[in-house]
Amino acid sequence: MKLSAAGLELIKQSEGFRAKVYLDIARNPTIGYGHRLAPNECYPNGICATEADVILLWDVREAEQAVARLVQVSLTQGQFSALVDFVFNLGSGRLAASTLLRDLNAGNYPSAAEQLLRWDHSGAQEISALKARREAEFRLFTGSDSPQQAAA
């Protein structure tokens, strides 16, 4: 399975494009659409949007492979895309160690969806951009218009 167009748009919208290296919320050097720089990567002159798109597709591919490796149950396209966005944002290690994955692999899809909404903090602080991103993932995962609608 591959990330949907809606999932790719969610990543691009959530990350935003930056041509120059910046420090993300976790203080990691980052460029383009949320690409965390590896120790050997250097972009002293920045990158253009086309270069950022190429890097993004490589990063998405890694996230897709992680979801495929970790999830042991069948997924809809929306569920897969939501999880790819989650892994792109937080990394496969966070998904691997999460209650979200444990619930999902146990077949408890509603609980897994609710777990997405819990990942909206940096440290002890709720971050509005993360809250919006998790709500968008929730909508992709459940196919609903809002977390409240899916809970009803």
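Remember, predicted model here, so these are calculated numbers, not experimental data. (Residues numbered from 1 in each chain as written. Predicted model: local features only at pLDDT ≥ 70, side-chain atom pairs only at ≥ 80, totals over all residues. Heavy atoms only, no water.)

Peer 1: Can you walk me through the environment of Cys48 in this structure?
Peer 2: Mapped onto the fold, Cys48 is located in the loop between β3 (35-36) and α2 (49-70). A residue is classified by how much of its surface remains accessible, and Cys48, at 38% relative accessible area, is partly exposed. Sequence separation between Cys48 and Phe17 is 31 residues; the distance between their C-alpha atoms is 9.3 Å. (Helix = DSSP H or I, 4+ residues; strand = E, 2+ residues; numbered from the N terminus. Buried < 20%, exposed > 50% of the residue type's maximum accessible area, 1.4 Å probe, protein only.)

Peer 1: Is there a simple way to explain the sheet that holds strand β2 (residues 29-32) in this structure?
Peer 2: Strands pair in a sheet through their backbones, by hydrogen bonds, and they do so in one of two ways: parallel or antiparallel. Spatial ordering of the open sheet is given by β1-β2-β3, a layout of three strands whose pairing is antiparallel. Across the chains shown, the open sheet's two edge strands, defined by having one partner strand only, are β1 (18-23) and β3. Looking at chain direction, β2 and β3 are connected through two bridges and run antiparallel. Bridge pairing in β3 links Thr30 to Arg36. (Pairing = 2+ DSSP bridges.)

Peer 1: I keep staring at the pattern of salt bridges and nothing clicks. Help me out?
Peer 2: Should their charged atoms come close, side chains of opposite charge can pair. If you walk through the whole model with that rule in mind, you get six salt bridges. Across the pair Lys12 and Asp53 runs a salt bridge whose closest N-O atoms are separated by 3.0 Å. In this pair, Lys12 sits in helix α1 (residues 5-15) while Asp53 sits in helix α2, placing the two residues 41 residues apart along the sequence. Salt-bridge contacts for Glu137 lead to Arg134; the nearest nitrogen and oxygen are separated by 2.7 Å. Of the two residues, Glu137 and Arg134 are both situated in helix α7 (residues 128-142); the distance of three residues between them amounts to about one turn of the helix. Each member of the pair, Glu137 as well as Arg134, carries the same accessibility label: buried. Each of the salt bridges in this network shares a partner with another, and the network as a whole consists of Glu15, Asp85 and Arg133. (Salt bridge = Lys/Arg side-chain N within 4 Å of Asp/Glu carboxyl O.)

Peer 1: How should I be thinking about α7 in this particular structure?
Peer 2: The periodicity of an α-helix, 3.6 residues per turn, causes residues three or four positions apart to be oriented the same way. The end-to-end C-alpha distance of α7, which contains 15 residues, comes to 21 Å, matching closely the 21 Å that a straight helix rising 1.5 Å per residue would cover. Leu130, Arg133, Arg134, Ala136, Glu137, Phe138, Leu140 and Phe141 are the residues of α7 that are buried. Phi turns positive, to about 70 degrees, at Gly143, one or two residues after α7. (Expected span 1.5 Å × (residues − 1).)

Peer 1: I tried to follow the side chain of Glu15 on my own but got confused; where do I start?
Peer 2: With respect to the helices and strands, Glu15 occurs in helix α1. Here Arg133 takes part through its side chain, which lies 2.7 Å from a polar atom of the side chain of Glu15. Excluding residues within four positions of it along the chain, Glu15 makes contact with Tyr22, Tyr33, Gly34, Phe88, Asn89 and Arg133. (Polar contact = N/O pair within 3.5 Å; in protein donor to acceptor, adjacent residues only side chain to side chain. Contact = heavy atoms within 4.5 Å.)

Peer 1: Help me understand the packing of aromatic side chains, please; the structure alone is not making it clear to me.
Peer 2: What characterises a pair of aromatic rings is the spacing of the ring centres plus the angle enclosed by the ring planes. Under the definition given, this model contains two aromatic pairs. Residues Phe17 and Tyr33 carry aromatic rings whose centres are separated by 5.5 Å and whose planes lie at 45 degrees to one another, so their mutual orientation is tilted. One end of the pair, Phe17, is in the loop between α1 and β1; the other, Tyr33, is in the loop between β2 and β3, and 16 residues separate them in sequence. Take Phe17: its relative accessible area is 33%, and that puts it in the partly exposed class. A ring pair is formed by Phe86 and Trp119, whose centres lie 5.4 Å apart and whose planes are at 90 degrees; its orientation type is edge-to-face. One end of the pair, Phe86, is in helix α3 (residues 77-90); the other, Trp119, is in the loop between α6 (109-116) and β4 (121-122), and 33 residues separate them in sequence. (Phe/Tyr/Trp six-rings, centres within 6.5 Å; stacked < 30°, edge-to-face > 60°.)

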